[in-house]
Amino acid sequence: MQRYISCILSFVFYISPCCIHDSVSGELSRGKGTYRTHDEIIDMFRDECERYPEATSFEVIGKTTLQNKIWAFRIGNPDAPKIIIDGCLHGWEDLGSEISFLWIKWLLESKNQEAKRILENTCWIVIPVVNADTYDRGNMNRSVCSGGIDLNRNFLGGWKHVPACEGPFGTSHGESAGSEKETQVMRAFMDANKPTGGRKHVYINTHYGGGPWIHYHGTDAGYYSDIRRKLLVSWRSAGIVLKNVSLERFLPETAKDPAPGGAGGDAASFGYEAFTVEVVQRSCQNGRKFGPIDAPCGEGSPAHPSFESVQSELYPVWEPFYKAISESVMEWNDQIQ
């Protein structure tokens, strides 16, 4: 029976500035629009990696404006092609981090032969919290703007000056391209792990609240079309039907109109096959909604999905994407050996 990814679920609460939905207990907890605090996110990745030391490692790759640590977690073969995925570039946008955690749990715990092959032949690197200082959209550099700097608009690709706080949601793009500590850390990490020797590495920049869509940054139309084909086959095989968003909107047939700039754009400039993804639509912009995260349109705050619906309805949409990415780098590496 087909699993309909649709607007049939009801949601248990609405976000307020003082409450979050705890993704383990289902109880309301402190915070600001996220499932867990940033420290809790890091702890859960550390705990998982410490359970499987033979297949994982983790390190601090730099520090934020307020000198908080930015962590990277490696899962799989450190000598294999790399797939980097980030989260919380905008402080509260943690859904990409939560879904990537479900993904690495499947890799490490499922004992599935496909998972074992991916672990042996790829290196997934998760940077789950980039903007560790705040749950606001902007970072904690308030010298230019009281709303901080929108980090995804501070990268070199597509950067443009905006006056004071006239960026999205009352933020700045920064005094100059790449001016922020967090941006510099991420670019240095991209540079240190960029593909060499004809390999393909992939970078996935995740967001939560707009879209939903997958945008490819790059010039290899054949690579993108192969990913798209694999993903469509996987969705159809799993009986997944997308509703409330057209396939063309979610996964364009060609890569001729990639999203400009941001972390994904900079990753592409370092040689990565890069994607920017909006994991789910949180609002009712232009009537676009993506089940099951289907906020009612009307008065009041948009609904924040229960974590149960994330696990059972949303994660199955994204797991095939991660599998298709893994297959793509393994196949490409096989060809050049």
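As a reminder, the structure under discussion sits directly above these lines.
Quick look at the structure, then. (Residues numbered from 1 in each chain as written. Predicted model: local features only at pLDDT ≥ 70, side-chain atom pairs only at ≥ 80, totals over all residues. Heavy atoms only, no water.)

1. As for the overall build of the protein chain
On a plain count of helices and strands, the protein chain comes out with eight helices and eleven strands. In the protein chain, the share of contacts with a sequence separation of at least 24, taken over all contacts with a separation of at least 6, comes to 73%. Per element, the accessible surface of the protein chain, about 13900 Å² overall, is 49% carbon and sulfur. (Helix = DSSP H or I, 4+ residues; strand = E, 2+ residues; numbered from the N terminus. Contact = heavy atoms within 4.5 Å. Areas by Shrake-Rupley, 256 points an atom, 1.4 Å probe, with all protein chains shown as cover.)

2. Here's the deal with the pattern of salt bridges
Counted by the stated rule, this structure contains 20 salt bridges. The residue Asp-191 makes a salt bridge to Lys-194 at a minimum N-O spacing of 2.9 Å. Given a relative accessible area of 35%, Asp-191 falls into the partly exposed group. We classify Lys-194 as partly exposed; its relative accessible area is 35%. One network of salt bridges, with partners in common, ties together Glu-48, Arg-51, Lys-105 and Glu-109. (Salt bridge = Lys/Arg side-chain N within 4 Å of Asp/Glu carboxyl O. Buried < 20%, exposed > 50% of the residue type's maximum accessible area, 1.4 Å probe, protein only.)

3. Let's talk about helix H7 (residues 262-269)
Of all eight residues in H7, six are buried; the element is thus mostly enclosed. Considered for burial, the residues of H7 that qualify are Gly-262, Ala-263, Gly-264, Gly-265, Asp-266 and Ala-267. Immediately downstream of H7, the backbone of Gly-271 shows phi near 105 degrees, a positive value.

4. Digging into the packing of helix H5 (residues 221-238) against helix H8 (residues 307-336)
Running from N to C, H5 and H8 cross one another at 135 degrees; their axes reach a closest spacing of 9 Å. What the angle tells us is that H5 and H8 run oblique. Crossing geometry of H5 relative to H8 is assigned as right-handed. From H5, Tyr-223, Asp-226, Ile-227, Lys-230, Leu-231, Ser-234 and Trp-235 reach across to H8, where they touch Pro-316, Val-317, Pro-320, Phe-321, Ala-324, Ile-325, Glu-327, Ser-328 and Glu-331. (Axes fitted to C-alpha atoms, helices over the stretch in contact; angles between N-to-C directions. Parallel < 35°, antiparallel > 145°, perpendicular 65-115°, else oblique. Left-handed = near helix turned anticlockwise from the far one by under 90°.)

5. With respect to the packing of aromatic side chains
Enumeration over the complete set of coordinates arrives at 17 aromatic pairs. Judged by centre distance (6.2 Å) and plane angle (40 degrees), the ring pair of Tyr-216 and Tyr-223 falls under tilted. Residue Tyr-216 shares its accessibility class with Tyr-223, and that shared class is buried. Here the aromatic cluster, defined as three or more aromatic residues joined through ring pairs, consists of Trp-103, Trp-106, Trp-124, Tyr-216, Tyr-223, Tyr-224, Phe-275, Trp-318, Phe-321 and Tyr-322. One residue, Lys-200, lies across the ring of Trp-332, its end atom 4.3 Å from the ring centre. (Phe/Tyr/Trp six-rings, centres within 6.5 Å; stacked < 30°, edge-to-face > 60°. Lys NZ or Arg CZ within 6 Å of the ring centre and 35° of its normal.)

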